[in-house]
Structure formats: structure tokens, C-alpha cells
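Fold and geometry: a report
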Amino acid sequence: MLEIIQIPFMQKALIGGILLSVLLSVISLFINLKNWSFITVGISHATFGGLSIGLFLSISPPITGMIFAVGIGLLIGYISRKGDIHEDITIGILFSLSMAVGVIFLTFTPNYNTEMFTFLFGNILTITELEILTLAVFTLLSLIFIGYFFQKIMFCCYNEDVAYVSGINTKFYYYSIILIISIATVLSVKLVGVILTSAMMILPSALSRQIFWHYKNILVLSVIISVIMVVGGIFLSYSYNLPTGATIVFIYSLTFLFVLLIKKISGLKSV
């Protein structure tokens, strides 16, 4: 194991993986409280459309992916709040539109297979120093924002109507969290890819809520478990020549199912 840690690209992968696991596990708390699991799926697949446009135009796919994901994320929020359409229907429509746009642009993009495969399924072993720096800055800014407004955000998550009546600018926090989720989704592409990103935002709190009910305990355990799963997944994938993102999500999902099974058999309740 010591030999593996000394390899430069493994060091970068571990640093990037730990940063992402902390960011996504914190975001996971709000996603679970707001029942936004489908939103993360919609935004992550919307990224596909943006990445395809970037490949077609021969400009940085992560940049176009981020613009597209943020646009779709904010549009989902706007239509859901202003229109008479339920969030799930809005997400389904924009999800389909994004995938259609992605397929159309890929059709006219020559030699896209290798690069798009990396975006779809992730390969954190290829993460660069610039990407780590970008991720570190965004993670730090996001955690500062969430930490400073934590109580108000939690209030909005539990009961947005009461929070609004209490004088809290619920619209600001609503769109801010969607913005953070959208950008985090694009930054997660290197770790697990477009297809599995939503799982890394849903599993941390979903697993922790099987053990604890208080949000502080859920948050702390989510971060700890995510770091363990990501680091373990990176080592396993390198040792057995497996796809990193799929390995992380696989062991994470198995752990969730195991904890759920034990809880059902034993009759234990969250503490």
C-alpha cells in the first residue's frame, strides 16, 4: 500500500477523491432532506449535453458541461417554483432534452469515443493538478457558504413555507443549493462519470440516515463513510484493474444494502 501511495498520479487521485467525497457528502444531506434525488439525476445527465457540445465545438467540455448543467439546474428550479408543473415532470422533460441534444451533437463529432467514455464513466486516476486546485477552491467556498448559512438552509429544507413567513429569503437559498449541486456534478465527472455522479450525492446521507436520525450525526457520518468508500474504491480499482467510479459506487451500494438488511433483521432504529 505504501508503494501505491508514493505513485504521483495515485496521490493526485486520493487528494481529488477526498475533496470530492467531502463536498458531495455535505450536499447529500440537503438532497435527502428536500427529496431531490431525481434532480441530481436530471442535472448529471444534463451535463452530457454540455459535454457533447464542447466536443463538437472543440472547446473545453468541462466548461460547456458546467454552463449547461447550471443552466438546466436553474431552469428546473425556476419552472418548478413559477409554473404549475411538478419538479419531476420538469426534470423528465429537460433530462430528455439534454440527452437528445448530446446525442445529436455527438453524431456530428468525429473520434469522440475515448474522451466521451471518460466523461461518462469517470477516471479519477487521470485527474490533473489544475483540476485538483479548481475542486479545492470550489469545495472551500461551498463549505464556507453552507457553514455560514447552515441553519437557514436547514430551515428551508425542513419547511420552506414557514421559513419564508419567518423572513428568510428562501428563493436565494433554493437557487444557491441548486447552483452548488450543478457545479459539483460537473466536477464529479472525473471521479465517477456523468452516469454515476447522482449516486455519490444520494448514498452518503441515505446510508447515514439508516444509523442516525439527527442531522449533525448524519452529516459527520456521511463525510467519514464517503472518504472511506472513495479511498477504498481507488485502491481496489488500481489493484484489480477495475473502473474507479463504478468500483466506488458498487461498494457504496453494497454497504448501504448490507446496513439496510441488518437494520431490518435486527429491528434496530436510528439513534
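Residues numbered from 1 in each chain as written. Predicted model: local features only at pLDDT ≥ 70, side-chain atom pairs only at ≥ 80, totals over all residues. Heavy atoms only, no water.

1. Description of the packing of helix 2 (residues 8-33) against helix 8 (residues 150-158)
Geometry of a packed helix pair, given as the angle between the helix axes and the separation of the axes. One way to put it is that helix 2 packs onto helix 8 with a least axis distance of 9 Å and a crossing angle of 30°. Classed by the angle they form, the pair helix 2 and helix 8 counts as roughly parallel. Along the contact surface, helix 2 presents L29, F30 and L33, while helix 8 presents F150, I153, M154, C157 and Y158. A breakdown of the residues in the contact of helix 2 with helix 8 according to their chemical character gives 8 nonpolar, no polar and no charged. (Axes fitted to C-alpha atoms, helices over the stretch in contact; angles between N-to-C directions. Helix = DSSP H or I, 4+ residues; strand = E, 2+ residues; numbered from the N terminus. Parallel < 35°, antiparallel > 145°, perpendicular 65-115°, else oblique. Contact = heavy atoms within 4.5 Å. Nonpolar A, V, L, I, M, F, W, Y, C, P; charged D, E, K, R; others polar.)

2. Considering helix 11 (residues 189-208)
Under the 1.5 Å per step criterion, the end-to-end length of helix 11 is only 24 Å for 20 residues, more than 12% shorter than the ideal 28 Å. Residue I195 marks the point of greatest curvature in helix 11, where the axis turns by about 105°. (Expected span 1.5 Å × (residues − 1). Bend = angle between axes of the 7 residues up to and from the residue.)

3. Some points on the side chain of N32
Along the chain, N32 falls in helix 2. With relative accessibility at 13%, the residue N32 sits in the buried group. For N32, the contacting residues outside a window of four places in its chain are M201, I202, S205, A206 and R209. (Buried < 20%, exposed > 50% of the residue type's maximum accessible area, 1.4 Å probe, protein only.)

4. A word on the confidence of the model for the chain
In this model, the chain carries an average pLDDT of 88, and 97% of its residues clear a pLDDT of 70 or more. The secondary-structure element of the chain with the lowest mean pLDDT is helix 1 (residues 2-5), recorded at 73, while helix 7 (residues 129-148) shows the highest, at 95. (pLDDT = per-residue confidence, 0-100.)

5. Looking at the pattern of salt bridges
By the definition in use, this model includes 1 salt bridge. For K34, the salt bridge identified is with E160, shortest N-O distance 3.1 Å. Of this pair, K34 sits in the loop between helix 2 and helix 3 (37-57) while E160 sits in helix 9 (residues 160-165); the two residues are 126 residues apart in sequence, bridging distant segments of the chain. (Salt bridge = Lys/Arg side-chain N within 4 Å of Asp/Glu carboxyl O.)

6. Remarks on the environment of I72
Summarising the element assignment, I72 is placed in helix 4 (residues 61-82). On the accessibility criterion, I72 (8% relative accessible area) is buried. Along the chain, I72 and V137 lie 65 residues apart, while their C-alpha atoms are 23 Å from each other. Every residue in contact with I72, bar those within four places of it in the chain, is listed here: A46, L94 and S98.

7. Observations regarding the side chain of T247
Tracing the backbone shows T247 in helix 13 (residues 244-266). Relative accessible area serves as the criterion here: at 9%, T247 is assigned to the buried category. A polar side-chain atom of T247 sits 2.7 Å from the main-chain carbonyl oxygen of P243. Excluding anything up to four places from it in sequence, T247 contacts G233, L236, S237 and L242. (Polar contact = N/O pair within 3.5 Å; in protein donor to acceptor, adjacent residues only side chain to side chain.)

8. Brief notes about the nonpolar core
Core analysis: the biggest nonpolar cluster contains 74 residues, and L29, F30 and M200 have the highest contact counts within it. Broken down by element, the residue count for this core peaks at 12 residues, all from helix 2. Among all residues touching F30, those that are not within four sequence positions of it are I146, F150, I153, M154, C157 and I177. With 9 residues, the next largest nonpolar core counts L106, M116, L120 and V194 among its residues. (Core = buried A, V, L, I, M, F, W, Y, C linked by side-chain atoms within 4.5 Å.)

9. A word on the packing of aromatic side chains
A complete count under the given rule lists 12 aromatic pairs for this structure. Residues W36 and Y174 carry aromatic rings whose centres are separated by 5.4 Å and whose planes lie at 85° to one another, so their mutual orientation is edge-to-face. Of this pair, W36 sits in the loop between helix 2 and helix 3 while Y174 sits in helix 10 (residues 170-187), and the two are 138 residues apart along the sequence. Like W36, the residue Y174 is buried in the burial classification. Centroid distance Y148 to F149: 4.8 Å. Interplanar angle 85°. Geometry classified as edge-to-face. The class of Y148 is exposed, set by a relative accessible area of 66%. A connected cluster of aromatic rings, assembled from ring pairs, spans F145, Y148, F149, F172 and Y173. (Phe/Tyr/Trp six-rings, centres within 6.5 Å; stacked < 30°, edge-to-face > 60°.)

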